[in-house]
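Single-letter residue listing:
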Amino acid sequence: MHWMKVWNGGRNVLFRRGNCGPSPLRLPRHSSAQTSPFFTWRPTFLADESPADQPISLRSLLYRAILAAERGGQEVISVQNSGHLATRSKSICFNPVTLGDIRSHVAIKGTLRQAFPSLTIISEEDELRLDSDADYLDGRKFYEEVPAWLTETVPVDEVVRSGDVAVWIDPLDGTKEFTAGLYECVTVLVGIAVKGRPVAGVIHCPFPEGRTYWAWEGKGVCSHLKHVHTKDSCPNDVLRIAVSKNPMNAGEVQHFAEKAFHGRSFELVPMGGAGYKIVQVCTGAVDGYLHITRNIKKWDICAGHGLVSAMGGRLQGLCGQSVDYTAPVDMKEDVAVRTGFLCTMHDDAGLFDGCRSAVLGI
């Protein structure tokens, strides 16, 4: 599909080029495209065009992802302030979900769906079947400009097929910590993948002051992370590695780390929430994040993976496998990360080689 913009009788008119010549598509009357060089539009498509073929501006999607994550965070804060978490378990083994998870899910999906109706969105809370609520969440204007601060930070856009994009969201990562009052570990996660690769990520930390981290591979990074650079090796004498707080796995993780980081001094730092751990990696508070079990899901790490990759870091399976974020066919099997992983901002092949040797028993 090809577009051109022309000036026609005082109006901006979009033309789609086709076999039968260009046909005009007028911009919506309430659009500010005539006064702004940074405008977005949602074009009308021919009847024979499938939703998967519709073009998506990744810069517009990134903006909506940031907006969605922050709206989700506002819902989480609102629930926390109310004191009514309405906690229940989603399974026999305690897997809590709160009103904060639910309201954040609705806010995020509603914000994204409003702008991109054909977008594939996978959420941890999809099994709660709240999409009808998300559809009616947002009464704001449909066409919304990408703000100047983002166009200045990310001057170059990229347009892709809708069918190639999957957005993975965790509306409230760190629910156990949320119910325990450990609010600093709570994050809202929105990850953007194109053809299975994580290309951008948004991690919003609602507490204590509300901070949003985002990055888009090859395009731009938020101001909070501009100072971060990958290092050839760990600058510290002792590796600080973030791990799960689950005490049941503590011995197994310790044993694995001793084999993987053999000959190096290290300290395992238990932390809650996958999103929070990855923020600590990105900001340099820890040297890496190690996960060895098979119970983590792609919505837990897609946003962080996109963030780390965009900044030059690495997140990969313990034997070097890549994580595929293509939209799942089976919601039970295709959403799990079965390989474990190591995430780090250090360009240190020895860390990954050590993990591979520990898995294979070399």
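Residues numbered from 1 in each chain as written. Predicted model: local features only at pLDDT ≥ 70, side-chain atom pairs only at ≥ 80, totals over all residues. Heavy atoms only, no water.

Participant: Account for the state of the cysteines, naming residues and giving values.
Facilitator: Disulfides are covalent bonds that connect the sulfur atoms of two cysteines. Scanning the entire structure with this criterion turns up zero disulfides. Left unpaired, Cys222 is separated from the closest cysteine sulfur, that of Cys282, by 9.0 Å. Between Cys343, a cysteine without a disulfide, and Cys282, which holds the nearest cysteine sulfur, the sulfur-to-sulfur distance is 6.4 Å. (Disulfide = S-S within 2.5 Å.)

Participant: Requested: an account of the pattern of salt bridges, with residues and values cited.
Facilitator: Under the defined criterion, the tally for this structure stands at 10 salt bridges. Across the pair Arg211 and Glu209 runs a salt bridge whose closest N-O atoms are separated by 3.7 Å. Owing to a relative accessible area of 33%, Arg211 belongs among the partly exposed residues under this scheme. What you see here is one network of salt bridges that share partners, running through Asp53, Arg161 and Asp164. (Salt bridge = Lys/Arg side-chain N within 4 Å of Asp/Glu carboxyl O. Buried < 20%, exposed > 50% of the residue type's maximum accessible area, 1.4 Å probe, protein only.)

Participant: Got a sec to walk through the pairing of strand S10 (residues 187-194)? Specific residues and values, please.
Facilitator: Counting buried positions over the eight residues of S10 gives eight, a clear majority of the element. Of the two faces of S10, both are covered, the one formed by Thr187, Leu189, Gly191 and Ala193 as well as the one formed by Val188, Val190, Ile192 and Val194. As paired elements, strand S9 (residues 165-173) and S10 share seven bridges and run antiparallel to each other. When the sheet's bridge partners are listed, Val165 is paired in S10 with Val194. Here S10 pairs with strand S11 (residues 197-205) via seven bridges, running antiparallel. Each bridged residue has a counterpart across the sheet, and for Leu189 the counterpart in S11 is Ile203. Remark: two residues form the turn of the hairpin made by S10 and S11, two consecutive strands paired antiparallel; Lys195 in that turn has positive phi of roughly 55°. (Helix = DSSP H or I, 4+ residues; strand = E, 2+ residues; numbered from the N terminus. Pairing = 2+ DSSP bridges.)

Participant: Lay out helix H1 (residues 58-82) with the relevant residues and their values.
Facilitator: In a regular helix each residue adds 1.5 Å, so 25 residues correspond to 36 Å; H1 covers 36 Å between its end C-alpha atoms and thus fits that length. The first or second residue beyond H1 is Gly83, which carries a positive phi of 75°. (Expected span 1.5 Å × (residues − 1).)

Participant: Tell me what's going on with the packing of aromatic side chains, and back it up with residues and numbers.
Facilitator: Applying the stated criterion across every chain yields a total of seven aromatic pairs. Where Tyr289 meets Phe341, the ring centres are 5.0 Å apart and the plane angle is 85°; that geometry is what we call edge-to-face. Residue Tyr289 is located in strand S16 (residues 288-291), and its partner Phe341 is located in strand S18 (residues 341-344); the two are separated by 52 residues in the primary sequence. Residue Phe341 is classed as buried on the basis of its relative accessible area of 0%. Members of the aromatic cluster, each reached through a chain of ring pairs, are Trp168, Trp299 and Tyr325. A cation sits over an aromatic face here: Lys219 above Trp216, 5.1 Å from the ring centre. (Phe/Tyr/Trp six-rings, centres within 6.5 Å; stacked < 30°, edge-to-face > 60°. Lys NZ or Arg CZ within 6 Å of the ring centre and 35° of its normal.)

Participant: An account of the sheet that holds strand S12 (residues 211-216) is requested, with residue identities and associated values reported.
Facilitator: Strand pairing in a sheet takes place through backbone hydrogen bonds and is either antiparallel or parallel in direction. Spatially, six strands are ordered S7-S9-S10-S11-S12-S13 in an open sheet, and the strand pairing comes out mixed. What marks the edges here is a single partner per strand, and that holds for strand S7 (120-123) and strand S13 (220-221). The pairing of S12 with S13 spans two bridges and is antiparallel. Bridge assignment links Ala215 to a residue of S13, and that residue is Val221.

Participant: I'd love a proper account of the side chain of His291, names of residues and values included.
Facilitator: In this fold, His291 is placed in strand S16. Owing to a relative accessible area of 10%, His291 belongs among the buried residues under this scheme. Engagement of the side chain of His291 in a polar contact is seen with the side chain of Thr293, the distance being 2.9 Å. Dropping the residues within four chain positions of it, His291 is found in contact with Ile296, Leu318, Gly340 and Phe341. (Polar contact = N/O pair within 3.5 Å; in protein donor to acceptor, adjacent residues only side chain to side chain. Contact = heavy atoms within 4.5 Å.)

Participant: Give a description of the environment of Phe116 that names residues and reports values.
Facilitator: With respect to the secondary-structure elements, Phe116 resides in the loop between helix H2 (99-115) and S7. Note on Phe116: relative accessible area 12%, which makes it buried. Here Phe116 is in contact with Ile56, Ser57, Ser60, Leu61 and Arg64, once residues within four sequence places are set aside.

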